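A structural walkthrough
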Amino acid sequence: MTDTASKTSGRRIVLGHTNYGKSDIRLVKVFRNPGRHEIKELRVDVSQEGDFAAAHVEGDNTGLMATDTMRNTVYALARDRLTGSAEAFGVELVRHFLEAAPRANRVRVSMVEHLWERIEAGGKPHEHSFVRAAGERTAEVVGDEEGNFSVEAGIDDLLVLKTTNSGWAGFLRDRFTTLPETDDRILSTVVTSRWSYGGATDLDFDRLWEGIRRRILETFTDHYSPSVQFTLHRMGRAVLESFPEVERIHFSLPNRHHLLYDLERFGMENPGEVFHADAEPYGLIEGTVERSAS
Ligand SMILES: O=c1[nH]c(=O)c2[nH]c(=O)[nH]c2[nH]1
């Protein structure tokens, strides 16, 4: 913290933590392999921490990298160094900024990858046409000038649903409880997940991400779910058991309620067929599954 030399009520006013960077850098790279183009679309945020007090307090910008330069750097480095995963590109960017920005001592690069799937045309994968795939992939790399790195990956916006094999019963009943117990309901959620690879910067991040996504989806299907809470833990445990590279995994799981619509009023039966998809409010179940210290 920096003393700004101002005084009010006897307590010094100081500059607290600061960071700055460029957000929402939209990058698309086409890999023009003959006969089979590939595409990568990233939204990149760059954030630097360091000794920026002179800029804030004195208006002295000496040694500050312009955020405009950060944006240019992302595109320029993408030319030769975006060759594989977003995580690997993030590591390259963080290394570059730590070296190039004299006042930065910690750099964070966060990325959201919008996924494109190849279109099948006439029963064949098309050479250069794609359709937006479900869900988004995230990656975040943080590095400091001491050489400490952390790499985190994740999933956003992956909507899943199962039509049975889920219930919610045995919960607390008090005078405000109206919800009936059920052993057969629709379970639906939008998976947001983040997992940590610790300090490893040279893993096969694409293989891991694909495998972890598949493991989460398989686990969603493979059991009777007595609650979103139970399914959260089971998905997390499955990922940690299958992927020793993962240190911990966090889930944010909104409960997308599907309420059986009352057709009795019209003299009709509704044996679990017609539902109202309730938008709000929604339950929100969040939690981390991790390896214990011992
Ligand atoms: O899986 C659930 N967990 C809850 O905590 C909860 N609360 C609720 O009303 N329905 C559900 N379902």
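Counting restarts for each chain: residues are numbered from 1 in the order of the written sequence. Side-chain atom pairs in this predicted model are given and counted only at pLDDT of 80 or more, local residue features only at pLDDT of at least 70, and totals for whole chains, interfaces and linings cover all residues. Excluding hydrogens and water, the side-chain figures rest on all heavy atoms present in the structure.

**Structural notes on the nonpolar core**
For soluble globular proteins, nonpolar side chains are generally found buried alongside one another. Side-chain atoms within 4.5 Å are what join buried Ala, Val, Leu, Ile, Met, Phe, Trp, Tyr and Cys residues into a set we call a nonpolar core. Only protein chains enter the accessibility calculation, which uses a 1.4 Å probe. A residue is then buried if its area is under 20% of the maximum for its type, exposed if over 50%, and partly exposed in between. Residues Phe 89, Trp 195, Tyr 197, Ile 212 and Ile 216 are the most contacted members of the largest nonpolar core, which totals 57 residues. A per-element tally of this core places helix H3 (residues 86-100) first, with seven residues. The split of the chain into domains comes from an automatic or database domain assignment. Each of domain 1 (16-147) and domain 2 (154-294) contributes no fewer than three residues to this core. If near-sequence neighbours (up to four positions away) are discounted, Ile 212 is found in contact with Trp 195, Tyr 197, Val 239, Phe 243 and Val 246. Secondary structure elements are taken from DSSP: a helix is a run of H or I of four residues or more, a strand is a run of E of two residues or more, and numbering for both begins at the N terminus. The contact criterion used is simple: two residues touch if any of their non-hydrogen atoms lie within 4.5 Å.

**As for the pairing of strand S7 (residues 149-162)**
Note on strand geometry: in a regular strand, side chains alternate between the two faces of the sheet. Two strands form a pair only when DSSP identifies at least two bridges running between them. Two strands pair when backbone bridges link them, and strand S6 (residues 124-144) and S7 are joined in this way by eight bridges, in the antiparallel orientation. Each bridged residue has a counterpart across the sheet, and for Arg 137 the counterpart in S7 is Ile 155. Where S7 lies against strand S8 (residues 187-196), nine bridges are found, and the strand directions are antiparallel. Bridging across to S8, Gly 154 finds its partner in Arg 194.

**A word on the UniProt feature "binding site: O2" (unreviewed entry) in the chain**
UniProt positions are given in the numbering used here, feature names are shortened, and annotations may be inferred rather than shown by experiment. Here, UniProt's "binding site: O2" (unreviewed entry) annotation points to Thr 67. If you trace the backbone, Thr 67 turns up in helix H2 (residues 67-81). Look at Thr 67 and you get partly exposed, because its relative accessible area is 24%.

**Things to note about the site of the ligand**
What makes a residue near a molecule or strand is one non-hydrogen atom of that residue sitting within 4 Å of it. Taken together, Trp 168, Leu 179, Arg 185, Ser 227, Val 228, Gln 229, Asn 255 and Ile 285 make up the full set of residues near the ligand. Residues adjacent in sequence count toward polar contacts only when both atoms are side-chain atoms; beyond that, a polar contact is any pair of N or O atoms within 3.5 Å, and within protein one must be able to donate a hydrogen and the other to accept it. For the ligand, an oxygen atom lies 2.8 Å from a polar atom in the side chain of Arg 185. In this structure, Asn 255 approaches the ligand through a side-chain N or O atom, which is 3.2 Å from a nitrogen atom. Note on areas: Shrake-Rupley with a 1.4 Å probe; residue coverage comes only from the protein chains shown. About the coverage of the ligand: the protein hides 76% of its 300 Å² of free accessible area. Of the grid points, spaced at 1 Å and generated over the protein atoms alone, those admitting a 1.4 Å probe that cannot get out make up cavities, while open sets with protein on both sides within 12 Å along at least five of seven lines make up pockets; any residue with an atom within 4 Å of a point is treated as lining. To be counted as sitting in a cavity or pocket, a molecule needs more than half of its atoms within 2 Å of that site's grid points. More than half of the atoms of the ligand fall within 2 Å of the grid points belonging to the largest pocket. Note on residue classes: Ala, Val, Leu, Ile, Met, Phe, Trp, Tyr, Cys and Pro are nonpolar, Asp, Glu, Lys and Arg are charged, and everything else, Gly too, is polar. Here the shell around the ligand is composed, by residue class, of four nonpolar, three polar and one charged.

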